[in-house]
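The primary structure of each chain is shown beneath.
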Amino acid sequence: MEFVFRFVGDLGATMAAGGIVVGDRLGLYRALATAPALPQELAERTGTAARYVEEWLRGQAAGGYVEYDPDSGRYSLTPEQAFALTDPEGPIFAPGAFQLALGALKAEPRITEAFRTGEGLGWHEHDEDVFTGCERFFRPGYSAHLVAEWLPALDGVEERLRSGVRVADVGCGHGASTVLMAQAYPNSVFTGSDYHHGSVEQARKRAADAGLDGRVGFENAGAQGFSGGPYELVTTFDALHDMGDPLGAARHVRSQLTPDGTWMIVEPAAGPTVADNLNPVGRVYYAFSAFLCVPSALSQHGGYSLGAQAGEEPVRRLTADAGFTRFRRVAETPFNIVYEAKP
Ligand SMILES: C[S@@+](CC[C@H](N)C(=O)[O-])C[C@H]1O[C@@H](n2cnc3c(N)ncnc32)[C@H](O)[C@@H]1O
């Protein structure tokens, strides 16, 4: 029965993912955060159909994502629920993660087939929600930790960023990290790059929207061929393990760094062994890895497929094989580990 209850919980969570994305897209959470509401009132606030909103609210209350008061029939959000469900710029934003999950699951027929054939599935071949969901899943962690903790943990880098250096953000996706760094260090110049043309286009938009176009540029290029060095700092955020040739990428990063430059490698948090990762965070990452990271790496030449839970040792080995002489773990959060590699 313990396992049956677990399965029911998981089934509810799986179906609830759809409702969470709907609630985010239609602004239901944000509207509910303003004041408790009857279904009809929330529907009026959001221009949606009351009967659908009623059923959505009931399911949300059953899952603990909204509160229900049986006396008044009104639904509401606690401060904690509002904190995690309504602010894409805050330190945690659950709907972005579910958007990523639903987007990834749209590839299920192709992933099932890939299990049979061993072929890869490129990052660029996924649904648009994977790219936007990934940005919205990761950005909260970056905005909470990147400028406040990760960059200061690198040897002498923060000081240089303040006075003005050239930075490359490799595998930048929609440029969430690039924009955050550029906003924090107005004297430095940033170049994001990604092999996925559509992501680079979006990144350009994000930088323009943030008023940063003069100091932030983007290049549609793979990690093994981006240009513009020498850079004082190169960063890769949650991208190295997605590459078929991370060693080629590491060698190219080294060739694009100044002699005393720094490569900051941000990777998913993981322990050294599979047994260390058999926990809720590991479950999330292994599932994403089977649908996104391993297929992405297998779609590229190079022969690597590290997966999202590779842990520290393979990253250390890659940097050593590429000729970096110094490597250390400088920071970690429940979702990420940050490494520093120097030539
Ligand atoms: C999980 S996403 C992370 C995106 C972004 N860095 C972030 O943290 O939001 C992985 C990114 O790596 C990019 N990527 C995969 N293989 C690549 C390669 N060989 N060269 C450059 N980028 C690559 C993908 O296009 C995707 O944008």
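No experiment lies behind these values; they were computed from the predicted model shown.

Conventions and cut-offs
Numbering of residues starts from 1 in each chain and follows the order in which that chain's sequence is written. It should be noted that, the model being predicted, local features are given only for residues of pLDDT at least 70 and side-chain atom pairs only at 80 or more, the latter also being counted only at that level, while totals for whole chains, interfaces and linings use all residues. By convention in this description, side-chain values take in all heavy atoms of the structure and omit both hydrogens and water. Domain segmentation is taken from an automatic or database assignment of domains. By the convention used here, residues are in contact when the closest approach between their heavy atoms is within 4.5 Å. Accessible area that two parts lose when put together, evaluated with a 1.4 Å probe and summed over both, is termed the buried area. Each helix corresponds to a stretch of at least 4 residues labelled H or I by DSSP, and each strand to a stretch of at least 2 residues labelled E; elements are numbered beginning at the N terminus. Note on exposure labels: buried denotes an accessible area under 20% of the residue type's maximum, exposed denotes more than 50%, and partly exposed covers the range between, all computed with a 1.4 Å probe on protein chains only. Only buried Ala, Val, Leu, Ile, Met, Phe, Trp, Tyr and Cys residues count toward a nonpolar core, and they belong to the same one when joined by side-chain atoms within 4.5 Å. Interaxial angles span 0 to 180 degrees and are taken between N-to-C directions of axes, which are lines fitted to C-alpha atoms, for helices over the stretch in contact. Oblique is the label for any angle not under 35 degrees, not over 145, and not in the 65 to 115 range, which are roughly parallel, roughly antiparallel and roughly perpendicular in turn. Each crossing is labelled by how the near helix is turned from the far one, with a counterclockwise turn of less than a right angle marking it left-handed and a clockwise turn marking it right-handed. Think of it as three bins: nonpolar holds Ala, Val, Leu, Ile, Met, Phe, Trp, Tyr, Cys and Pro, charged holds Asp, Glu, Lys and Arg, and polar takes everything else, Gly as well.

> Let's hear about the domain arrangement of the protein chain: which residues, and what values?
Domains assigned within the protein chain are domain 1 (1-85) and domain 2 (94-342). Relative placement of domain 1 and domain 2: their C-alpha centres are 33 Å apart. Taken residue by residue, the interface counts eleven residues in domain 1 and eight residues in domain 2. With both chains or domains summed, domain 1 and domain 2 bury close to 850 Å², and 59% of this area falls on carbon and sulfur atoms.

> Any details on the environment of D24? Residues and values, ideally.
With respect to the helices, strands and loops of the structure, D24 is situated in helix α1 (residues 2-25). For D24, a relative accessible area of 7% corresponds to the buried category. Each C-alpha atom, one on D24 and one on D87, is 10.0 Å from the other, the two residues being 63 residues apart in sequence. Residues within four places of D24 in sequence aside, it is in contact with Y29, R30, F93, P95 and R136.

> Describe in detail the nonpolar core, supporting the description with residues and values.
Core analysis: the largest hydrophobic core is formed by 47 residues, its most contacted members being L146, W150, L151, L161, M264 and L292. If you tally residues by element for this core, the top one is helix α8 (residues 128-153), at nine residues. Contacts of L146, omitting those with residues within four sequence positions, involve G141, L151, P152, S177, L180, M181, F237 and M264. Counting residues in hydrophobic clusters, the runner-up holds 26 residues, among them L247, A269, A322 and I337.

> Just give me the short version of the packing of helix α3 (residues 39-46) against helix α4 (residues 50-63), but keep the residues and values in it.
As a packed pair, α3 and α4 sit with axes 8 Å apart at the nearest point and diverge in direction by 120°. The angle between α3 and α4 places the two elements in the oblique class. As α3 packs across α4, the resulting crossing turns out to be right-handed. Side by side, α3 and α4 meet where P39, Q40, L42 and A43 of the first sit next to A50, V53, E54, W56 and L57 of the second. Class assignment of the residues belonging to the contact of α3 with α4 gives a composition of seven nonpolar, one polar and one charged.

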